[in-house]
Amino acid sequence: MKFYGWGYEDQTVSDQEIREMEAIWAKTLGIDSFDVTPAPTLEEIKIAPPRVMPPLSLAHITTVEKYDRLAHTYGSSIHDYARAFLREFSNPPDIVAYPENDGDVSAILDWCGSVDVAVVPYGGGSSVVGGVEPPRDPRYRGTLSLDMRNFDRVIEIDPVSEAARIQGGVFGPHLEEQLKPSGLTMRFFLQSFEFSTLGGWIATRAAGHYATVATQIDDYVQNLRVVTPAGICESRRFPASGAGPAPDRMFIGSEGSLGVITEAWIRLRKRPQFRAAATVRFADFYVGAEAVRALSQSGLYPANCRLIDANEAAFTGAGDGTASLLVLGFESADQPINESMRRALELCADYGGEVDRKNEASGEAHRTGAAGKWRDTFMRAPYYREHALARGVMRETFETAITWDRFKSFHADFMAAIRKAVEDITGRPGLVTCRFTHIYPDGPAPYFTYHAYGDQARLKEQFWHLKVAISAAMARLGGTITHHHAVGRDHREWYDKERPDLFGRALRAAKGVLDPHWIMNPGAIVDRSPQV
Ligand SMILES: Cc1cc2nc3c(=O)[nH]c(=O)nc-3n(C[C@H](O)[C@H](O)[C@H](O)COP(=O)(O)OP(=O)(O)OC[C@H]3O[C@@H](n4cnc5c(N)ncnc54)[C@H](O)[C@@H]3O)c2cc1C
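Note that the structure is predicted; figures quoted are calculated from it, not measured.

1. A word on the sheet that holds strand β3 (residues 117-122)
Note: strands within a sheet are paired through backbone hydrogen bonds, in either parallel or antiparallel orientation.
Right, so step 1: Judged by pairing direction, the sheet is mixed, and its 4 strands sit side by side in the order β1-β2-β4-β3 without closing on themselves. Where the open sheet ends on each side, the last strands, each with one partner, are β1 (62-63) and β3.
Right, so step 2: Relative to strand β2 (residues 95-97), β1 runs antiparallel, the two being bridged by 2 bridges. Across the sheet, the residue bridging to threonine 62 is alanine 97, located in β2.
Right, so step 3: Sheet contacts for helix α4 (residues 102-115): β2, β3 and β4 (142-147); angle to β4, the most-contacted strand, approximately 170°.

2. Things to note about the pairing of β3
Right, so step 1: Taking burial as the measure, the 6 residues of β3 include 6 buried ones, the bulk of the element.
Right, so step 2: Burial along β3 is two-sided: Val117, Val119 and Pro121 and Ala118, Val120 and Tyr122, pointing in opposite directions, are all buried.
Right, so step 3: The pairing of β3 with β4 spans 6 bridges and is classified as parallel. Across the sheet, the residue bridging to proline 121 is leucine 146, located in β4.

3. A few points about the sheet that holds strand β10 (residues 260-267)
Right, so step 1: In spatial order, the strands read β5-β6-β10-β8-β9; together these 5 strands make up an open sheet with antiparallel pairing. The outermost strands of the open sheet, each flanked by one partner alone, are β5 (154-158) and β9 (231-234). Ignoring strand direction, the axes of neighbouring strands in this sheet form an average angle of 10°.
Right, so step 2: Sheet contacts for α4: β8 (221-228), β9 and β10; angle to β8, the most-contacted strand, approximately 45°.

4. What to know about helix α11 (residues 369-390)
Right, so step 1: With 22 residues, α11 should reach 32 Å at 1.5 Å per residue; the first-to-last C-alpha distance of 31 Å fits that figure.
Right, so step 2: Along α11, the helix axis deviates most sharply at alanine 381, where the bend reaches about 55°; the proline proline 382 sits within four residues downstream.
Right, so step 3: Immediately beyond the C-terminal end of α11, within one or two residues, lies glycine 392, with a positive phi of roughly 80°.

5. Structural notes on the nonpolar core
Right, so step 1: In this structure, Leu295, Leu326, Leu328, Phe414, Phe436 and Tyr450 are the most contacted members of the largest nonpolar core, which totals 91 residues.
Right, so step 2: It is helix α12 (residues 404-426) that provides the largest number of residues to this core, a total of 9 residues.
Right, so step 3: Not counting residues within four places of it along the chain, the set of residues in contact with tyrosine 450 comprises Met394, Arg395, Glu396, Phe398, Ile418, Val422, Leu431, Val432, Phe463, Leu466 and Ile470.
Right, so step 4: If you look at the next biggest cluster of nonpolar residues, it comprises 32 residues, including Ala164, Ile202, Ala203 and Ala264.

6. Re the packing of helix α3 (residues 78-85) against α11
Helices that pack against each other are described as a pair by the angle of their axes relative to one another and the distance between those axes.
Right, so step 1: Packing of α3 against α11 leaves a shortest axis separation of 10 Å and a crossing angle of 55°. When the axis of α3 is compared with that of α11, the two are oblique. The interaxial crossing formed by α3 with α11 has right-handed handedness. Touching Ile78, Tyr81, Ala82 and Phe85 of α3 are Arg385, Glu386, Leu389 and Ala390, all from α11.
Right, so step 2: Counted by class, the contact of α3 with α11 contains 6 nonpolar, no polar and 2 charged residues.

7. Section: the state of the cysteines
Right, so step 1: Inspection of every chain in the model, using the stated rule, returns 0 disulfides.
Right, so step 2: Cysteine 305 takes part in no disulfide bond, and the closest cysteine sulfur to it belongs to cysteine 348, at a distance of 7.4 Å.
Right, so step 3: A disulfide-free cysteine, cysteine 434 has its sulfur positioned 13 Å from the sulfur of cysteine 305, the nearest such atom.
Right, so step 4: Relative accessible area serves as the criterion here: at 0%, cysteine 434 is assigned to the buried category.

Thresholds, definitions, all that
- Residues numbered from 1 in each chain as written.
- Predicted model: local features only at pLDDT ≥ 70, side-chain atom pairs only at ≥ 80, totals over all residues.
- Heavy atoms only, no water.
- Pairing = 2+ DSSP bridges.
- Helix = DSSP H or I, 4+ residues; strand = E, 2+ residues; numbered from the N terminus.
- Contact = heavy atoms within 4.5 Å.
- Axes fitted to C-alpha atoms, helices over the stretch in contact; angles between N-to-C directions.
- Buried < 20%, exposed > 50% of the residue type's maximum accessible area, 1.4 Å probe, protein only.
- Expected span 1.5 Å × (residues − 1).
- Bend = angle between axes of the 7 residues up to and from the residue.
- Core = buried A, V, L, I, M, F, W, Y, C linked by side-chain atoms within 4.5 Å.
- Parallel < 35°, antiparallel > 145°, perpendicular 65-115°, else oblique.
- Left-handed = near helix turned anticlockwise from the far one by under 90°.
- Nonpolar A, V, L, I, M, F, W, Y, C, P; charged D, E, K, R; others polar.
- Disulfide = S-S within 2.5 Å.

Any functional reading would require information beyond the geometric quantities listed.
Written out as structure tokens, the structure is:
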């Protein structure tokens, strides 16, 4: 795996793709040519020796090798990549551990607790919020990054209840590969699917590709097994339970701060046999949003319902920039869904939506036409990010959720705030776009992207200033600081203001019980009170 970017070292983006992307970036941002900063190499980077060494009893599952420490220094945010391209690795973990079973995890947590070493659980490292970064806190003698890659098995499948017991470190493709012979699937295709893990999805409350109903990981988790510094916490397996507050809810979204998720029973479904897809054009984004609201409240529950504004459609090649596009999809393992699609298109027509008939309601429509183009760009996008950054092209995303009654004014004000921040901080206009990733009967989850051209020598600072200005605007205008990217270290300031104070104190008390030495991912979710 690259220690500075997305995927494996030999997964390169072709020269042809780079040329195409350069042309798009140049046109979008008004740039004539790009200076390219080369990717860092292992030899160029200097890091300090580990401040603490693992004991002999853990030697077989730990390492202090330079590559391992570099590869666990950062997650995958653009701010992380910017620092990697500056060759800045001033705070790597001291030790990287690769436990093989729950006993190993317990032994690591015991030792770390006894010598004040912080533990950062590490899945795929695809965090975009500073979730896997070692803390800079002098109270700790060092940091151990606990990599879950050996927990990569589907242990057991229950075909009757359509669920499986799965280990926390399994990457998306390997998870689906193991489920395939059973005919069942998790179908949790987040954009980082290739290089993120089940444990990471649960720990960050990730959201997959379903636009409605089964959006966030919460809906998939049947039970959890969590190794905490205080012992193992395993919930019972029920389809539902009204027995008090749900134990799993405490760990879903806990971002490694309460323990290590080593296993979970996950709800599955049969592979879809029936699919319908269509693209609908709306001359006005807000009218498209009204149509989406009607859809979200219709009881039709499309699997895909992405309203993409005209500029984003043009940037991805899915549209010509004159209209917003609604990429709509239904799927079922059990029954034809043409009637659902027919009614959804009728609803869209009520709002003036024009259907692109070429791509309507055929089994392969989701792979062709505008929907297919948009999907292809979406799948390749993670690989382009480090190449954009190497050319000074800054691309960052902000996602939130907001109730329908506040959506329109929120959207208008937030778009204006991003544009202003880009212009103030980089000194030139950028491209700011929006799409819906998920929709609920009570509101959408809008996802905003900016493209801007930065100063190569100051990219790290410019990214950070943009992050702060835009996150502050998000909070001020009333959106949640994250619908699915999580809190990490980067969103802490706004998360702390968003949650009720008493809830924050209750969480701190819970952490004190599960993690008495406060070693688990310090800085994520909740801090030690100053008195402790
Ligand atoms: C290009 C790109 C696209 C993305 N698209 C999406 C998207 O579509 N939807 C979405 O929701 N997110 C998305 N993300 C964000 C990211 O992929 C998710 O947050 C993902 O859930 C992180 O999983 P991971 O295994 O990589 O976890 P990591 O990045 O390794 O860790 C994330 C957090 O979880 C903790 N953690 C990891 N594993 C465990 C465990 N077993 N037990 C306890 N704590 C653990 C870590 O300590 C850290 O706090 C995207 C990121 C990138 C870079």
